[in-house]
Amino acid sequence: MSIFDLTLEDLENILVLNGFKKFNATQVYEGIYKKRVKSFDDITNISKELKKFLNDNYTLKYLNIVEELKSNDTNKYLLEVTDSFVECVLMKHDYGNSLCISTQIGCNMNCAFCESGKLKKVRNLTVSEIVLQVLTIEEKENLRISNIVFMGIGEPFDNYDNIINAIKILTCPRGINLGSRKITVSTCGLVPKIKEFADLEGQVNLAISLHASNNETRNKLMPINHAYPIEEVIKAIDYYIEKTNRKVTIEYILLEGINDSTKNALELANLFKGKLVYINLIPYNSTSSNFVRSSKETISKFFDTLVKNGINVQMRREMGKDIKGACGQLRASHEQK
Ligand code: SAH
């Protein structure tokens, strides 16, 4: 098994059970996450016996990069896992390096506009496969990732336990030590998991893929809306805000003639008036589906209507359009080859 599957607490328990000391786990963690050793034998402050135990039971291997697409500010990678491939995207911003990571192989949510859902879920990514996306890219590019968004392939809350453990590892002060506030989890709206996530009372950011201002439209775009309609999602958002006092991001892709009218903007404003959220308007990244991106004028008008109605709104800066930036596109083209 990969050592990167274990939280510090897991490792402490395992080591103590096997006759080692609890603090040995911290030494191992600092070796693999701070010094980034490639062999347990290179952790200088642990015993021969512990090295043997680790060598006998765990691997330290990073992921292979099988394909890479680069543009000036965005790199997209296809990484190999035992039975398949995983995509992640590195975006270089002025405030730091942000990595968009995947959580599943395929996805069962079947959103009409999304390329990832074209492949049904094969399996969840393991904790190590999630954490190793970060370590592998940091090593390859010789940089540190400052922000992580769970917006790659898959529905994070459909792989809840693994993403929570991966976040524990990424934020562990003895390891990578990334700030919780530098991490964002994006969900299509799995209401029970949003509540569970709220109950952790952590500082990890939450983003909700809403993409519609009424249930009729959302039902057509996102089948999950039949199970958890907009009112339920909003109740869950309210609960999250109450528990964490963190601002929630509402993601809204503008699709021509589908969800981009002034009426839609007013509906959306009504849903969120007075709430601690901001709406992120996203230009549609064209895929194999028939949707068309809304025009610049329509987007501006939609934006202005929201602002006039007292809503916090931002336009997402577009990155990686020329390198199959949209979810699932790189993987899909690799499979075709
Ligand atoms: N399953 C999660 C996270 C993965 S998708 C979720 O639904 O939030 C990450 C974001 O990219 C979501 O907001 C998703 O709706 C959006 N997205 C998917 N396909 C897109 C496309 N073709 N253009 C623009 N955004 C897209």
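Residues numbered from 1 in each chain as written. Predicted model: local features only at pLDDT ≥ 70, side-chain atom pairs only at ≥ 80, totals over all residues. Heavy atoms only, no water.

Axis separation between helix 1 (residues 8-17) and helix 2 (residues 22-34) bottoms out at 8 Å; the angle between their running directions is 130°. Of the possible angle classes, the one that applies to helix 1 and helix 2 is oblique. Relative to helix 2, helix 1 is oriented so that their crossing is right-handed. Residue-level contacts link Leu 8, Leu 11, Glu 12, Leu 15 and Val 16 of helix 1 to Lys 22, Asn 24, Ala 25, Thr 26, Val 28 and Tyr 29 of helix 2. Residue composition of the contact of helix 1 with helix 2, grouped by class: seven nonpolar, two polar and two charged. (Axes fitted to C-alpha atoms, helices over the stretch in contact; angles between N-to-C directions. Helix = DSSP H or I, 4+ residues; strand = E, 2+ residues; numbered from the N terminus. Parallel < 35°, antiparallel > 145°, perpendicular 65-115°, else oblique. Left-handed = near helix turned anticlockwise from the far one by under 90°. Contact = heavy atoms within 4.5 Å. Nonpolar A, V, L, I, M, F, W, Y, C, P; charged D, E, K, R; others polar.)

A few words now on the pairing of strand 7 (residues 147-150). The side-chain alternation of strand 7 yields two buried faces, one formed by Asn 147 and Val 149 and the other by Ile 148 and Phe 150. Direction of pairing for strand 4 (residues 96-100) relative to strand 7: parallel, over a ladder of three bridges. From the neighbouring strand, Ser 98 faces strand 7, where its bridge partner is Asn 147. After leaving strand 7, the chain enters helix 5 (residues 160-171) and then returns to the sheet as strand 8 (residues 183-187), a path that is right-handed. (Buried < 20%, exposed > 50% of the residue type's maximum accessible area, 1.4 Å probe, protein only. Pairing = 2+ DSSP bridges. Right-handed = clockwise from strand over helix to strand, strands pointing away.)

A few words on the environment of Val 66. If you trace the backbone, Val 66 turns up in strand 1 (residues 64-70). According to the relative accessible area criterion, Val 66 is partly exposed, its value standing at 35%. Measuring from C-alpha to C-alpha, the distance between Val 66 and Asp 42 comes to 27 Å, with 24 residues separating the pair along the chain.

With that settled, consider the domain arrangement of the chain. Along its sequence, the chain is carved into domain 1 (3-57) and domain 2 (65-336). Summarising the inter-unit geometry, the C-alpha centres of domain 1 and domain 2 are found 34 Å apart. Of the roughly 1,300 Å² buried where domain 1 meets domain 2, counting both sides, 58% is carbon and sulfur surface. When the buried surface of domain 1 facing domain 2 is broken down by residue, Phe 4, Tyr 33 and Arg 36 rank first, second and third, together holding 42% of it. One can count three salt bridges joining domain 1 with domain 2. Taken together, the connections running from domain 1 to domain 2 amount to six residue pairs in polar contact (both at pLDDT 80 or more). Residues belonging to the side of domain 1 that touches domain 2 are distributed by class as follows: five nonpolar, two polar and five charged. (Domains from an automatic or database assignment. Buried area = accessible area lost by both parts, 1.4 Å probe. Salt bridge = Lys/Arg side-chain N within 4 Å of Asp/Glu carboxyl O. Polar contact = N/O pair within 3.5 Å; in protein donor to acceptor, adjacent residues only side chain to side chain.)

The next thing to look at is the environment of Ile 46. By the element assignment, Ile 46 lies in the loop between helix 2 and helix 3 (48-57). Residue classification places Ile 46 among the buried residues on the basis of a relative accessible area of 8%. In the structure, Ile 46 is positioned 81 residues away from Val 127 in sequence and 25 Å away in space, judged by C-alpha atoms. The residues contacting Ile 46, other than those within four sequence positions of it, are Gln 27, Phe 40, Lys 51 and Leu 54.

Time to look at the pairing of strand 9 (residues 205-209). Here is the key point about a regular strand: its side chains alternate between the two faces of the sheet. By the criterion of burial, strand 9 is predominantly enclosed, with five of the five residues buried. Here strand 9 shows two buried faces, one formed by Asn 205, Ala 207 and Ser 209 and the other by Leu 206 and Ile 208. With four bridges connecting them, strand 8 and strand 9 associate as parallel partners. Looking across to strand 9, one finds that Ser 186 is bridged to Ala 207. For the crossover from strand 8 across helix 6 (residues 191-199) to strand 9, the handedness is right-handed. Where strand 9 meets strand 10 (residues 248-254), three bridges bridge the pair, whose relative direction is parallel. Counted as the bridge partner of Ile 208 is Ile 250 from strand 10.

Another aspect to go through is the packing of helix 6 against helix 9 (residues 230-244). Taken N-terminus to C-terminus, the directions of helix 6 and helix 9 make an angle of 5°; their axes are 9 Å apart at the nearest point. Considered as vectors, helix 6 and helix 9 are oriented roughly parallel to each other. For the pair formed by helix 6 and helix 9, the contact residues are Val 191, Ile 194, Lys 195, Phe 197, Ala 198 and Asp 199 on the first element and Glu 232, Val 233, Ala 236, Tyr 239, Tyr 240, Lys 243 and Thr 244 on the second. Of the residues assigned to the contact of helix 6 with helix 9, the class counts are eight nonpolar, one polar and four charged.

Helical geometry: 3.6 residues make up each α-helical turn, so side chains three or four residues apart lie on a common side. All of the buried residues along helix 10 (residues 262-272) are Asn 264, Ala 265, Glu 267, Leu 268, Ala 269 and Phe 272. For helix 10, the elements touching its buried residues are helix 9, strand 10, strand 11 (277-283) and helix 11 (296-308). In the segment just after helix 10, Gly 274 is the residue with positive phi, at about 80°.

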